Amino acid sequence: MALWFVLAIMTAVAVFAVLWPLGRGVRTERQGSEANVYKDQLAEVDRDAAVGLIGPAEASAARVEIGRRLLASADAESKAPVTTRRGLRRGVAVFALVGLPALALAVYLPLGSPMQGDDPLASRTKTAAASQPLESLVAQVEAHLEKNPTDGRGWTVLAPVLTKLGRFDDAARAYRNSLTYAGETADRHADLGEVLVAASGGVVTADAKSEFERAVKLKADDPKAGYFLGLAAEQDGRPKDAAAMWRAMLAKAPADAPWKPMLQAQIARIEGTPLPALPDETIASAQNMSEADRSAMIRGMVDKLAARLQQNGDDVEGWLRLVRAYMVLGDGDKVKQAQAQARQAVAGNAERLKQLNDGLKTLGLDG
């Protein structure tokens, strides 16, 4: 409130400085008027005539002309207002200084909340979202598309939203309409195939596989289509073919491809890559653990293996087991870190470095 008070005072001072002249009247006399000039000219004519600089006739003519101008000037000044309406001007000033702030305060107090804190952006966003939920927006778009079924852009926007809401059948219909009215692309075919897989509970059906194959025809290195075609091969009982397809994808993948760790983990899963061996008593105790506890225990064992390799870096098989474990756990950053540490540890031994690189290649990593 102190800040509000200071700002109010500063505003009042600024307004007062601007409006103060309105409260003052004008002077009734015009400083430096023409009448004074003409009177000085008459006196000068008299002095010139007295000393003989001009003749009597010339002096008389000059007096007549100057007198005429003096009378005209006096008449003009008598017609001009010499004062202003001081009461009106001061009334306007008082209203500006007092009436306007009072009016603003009268409007603000019922509508504003001077004692209430700021409303954070997050809460405003939540309020807006609550006032118009996603389902309501989807319903509006669907109503629009009912009237405009050939709006390809509308179907393209709607399809992923329906997928997010879990309405897979509706999403598949939206993707098909998007392909029909917005044109065929590899991404749209792959997205449609993914929705069909989700609708079937994770099974790559014949329809879904057909969509992935169409995506690959349009874009040979489409990662989504390539992954699901590999998954289809595995589900058809051809795990080696699936692993081969995924390895081919890894070989062509950019170094920073975000899906590389996932493919590496899938390859490790298909090949039955074991995690670090656990003692029998540990396995027995893990049977009664929750999934979260069991996962924490496995990570603990992996961490112990990593700590041991820090002490004994010559164990190439240990490094490969650690890399495979991180791949199965889906920890791409740890995979890269373990690779770098392993190469550094065996850098002084050419034979072990070759063994390490060969092992990394078998995992689908750069050797």
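Below or above, wherever it landed, is the structure these notes cover.

Analysis parameters
- Residues numbered from 1 in each chain as written.
- Predicted model: local features only at pLDDT ≥ 70, side-chain atom pairs only at ≥ 80, totals over all residues.
- Heavy atoms only, no water.
- Axes fitted to C-alpha atoms, helices over the stretch in contact; angles between N-to-C directions.
- Helix = DSSP H or I, 4+ residues; strand = E, 2+ residues; numbered from the N terminus.
- Parallel < 35°, antiparallel > 145°, perpendicular 65-115°, else oblique.
- Left-handed = near helix turned anticlockwise from the far one by under 90°.
- Contact = heavy atoms within 4.5 Å.
- Nonpolar A, V, L, I, M, F, W, Y, C, P; charged D, E, K, R; others polar.
- 1 Å grid on protein atoms, 1.4 Å probe; cavity = no way out; pocket = protein on both sides within 12 Å on 5 of 7 lines; lining within 4 Å.
- Points joined across faces, edges and corners; volume = space filled by probe spheres on them.
- Expected span 1.5 Å × (residues − 1).
- Buried < 20%, exposed > 50% of the residue type's maximum accessible area, 1.4 Å probe, protein only.
- Arc of directions from axis to C-beta.

1. Concerning the packing of helix α10 (residues 206-218) against helix α11 (residues 223-235)
Stage number 1. Packing of α10 against α11 leaves a shortest axis separation of 9 Å and a crossing angle of 140°. The orientation of α10 with respect to α11, classified from their angle, is oblique. Handedness of the crossing formed by α10 with α11: left-handed. Between α10 and α11, the contacting residues are Lys209, Phe212, Glu213, Ala215 and Val216 on the first element and Ala225, Phe228, Leu229 and Ala232 on the second.
Stage number 2. Residues of the contact of α10 with α11, tallied by class, amount to seven nonpolar, no polar and two charged.

2. A short note on the layout of surface pockets
Stage number 1. Reported here for the second largest pocket is a volume of approximately 290 Å³.
Stage number 2. Considering the residues around the second largest pocket, the lining is formed by 14 residues, among which Ala220, Asp221, Asp222, Met249 and Lys252 are closest to the centre.
Stage number 3. Within the residue set of the lining of the second largest pocket, elements represented by two or more residues are α11 and α12 (239-252).
Stage number 4. Considering every element that reaches the lining of the second largest pocket, the biggest residue donor is α12, with four residues.
Stage number 5. Considered class by class, the residues forming the lining of the second largest pocket number ten nonpolar, one polar and three charged.

3. Digging into the side chain of lysine 260
Stage number 1. As for its position among the elements, lysine 260 is in helix α13 (residues 260-270).
Stage number 2. Other than its neighbours up to four places away in sequence, lysine 260 contacts Leu250, Ala253, Pro254 and Ala255.

4. Comments concerning the environment of arginine 299
Stage number 1. By secondary structure assignment, the location of arginine 299 is in helix α15 (residues 291-311).
Stage number 2. In this structure, the C-alpha to C-alpha distance between arginine 299 and alanine 325, residues 26 residues apart in sequence, is 9.0 Å.
Stage number 3. Not counting residues within four places of it along the chain, the set of residues in contact with arginine 299 comprises Leu329 and Asp331.

5. Thoughts on α10
Stage number 1. The end-to-end C-alpha distance of α10, which contains 13 residues, comes to 19 Å, matching closely the 18 Å that a straight helix rising 1.5 Å per residue would cover.
Stage number 2. For α10, every residue scored as buried is listed here: Ala208, Glu211, Phe212 and Ala215. All buried residues of α10 fall inside an arc of 100° around its axis, so they share one side. In this structure, α10 carries Ala206, Asp207 and Lys217 as exposed residues pointing more than 90 degrees from its buried face.
Stage number 3. Turning to α10, the residues buried within the fold contact α8 (168-182), α9 (186-199) and α11.

6. With respect to the packing of α11 against α12
Stage number 1. The contact between α11 and α12 brings their axes to 7 Å, and the two run at 165°. Judged by the inter-axis angle, α11 sits roughly antiparallel to α12. Handedness of the α11/α12 crossing: left-handed. In contact with Pro223, Gly226, Tyr227, Leu229, Gly230, Leu231, Ala233 and Glu234 of α11, α12 contributes Pro239, Asp241, Ala242, Met245, Trp246 and Met249.
Stage number 2. Here the residues of the contact of α11 with α12 are counted per class, giving ten nonpolar, two polar and two charged.

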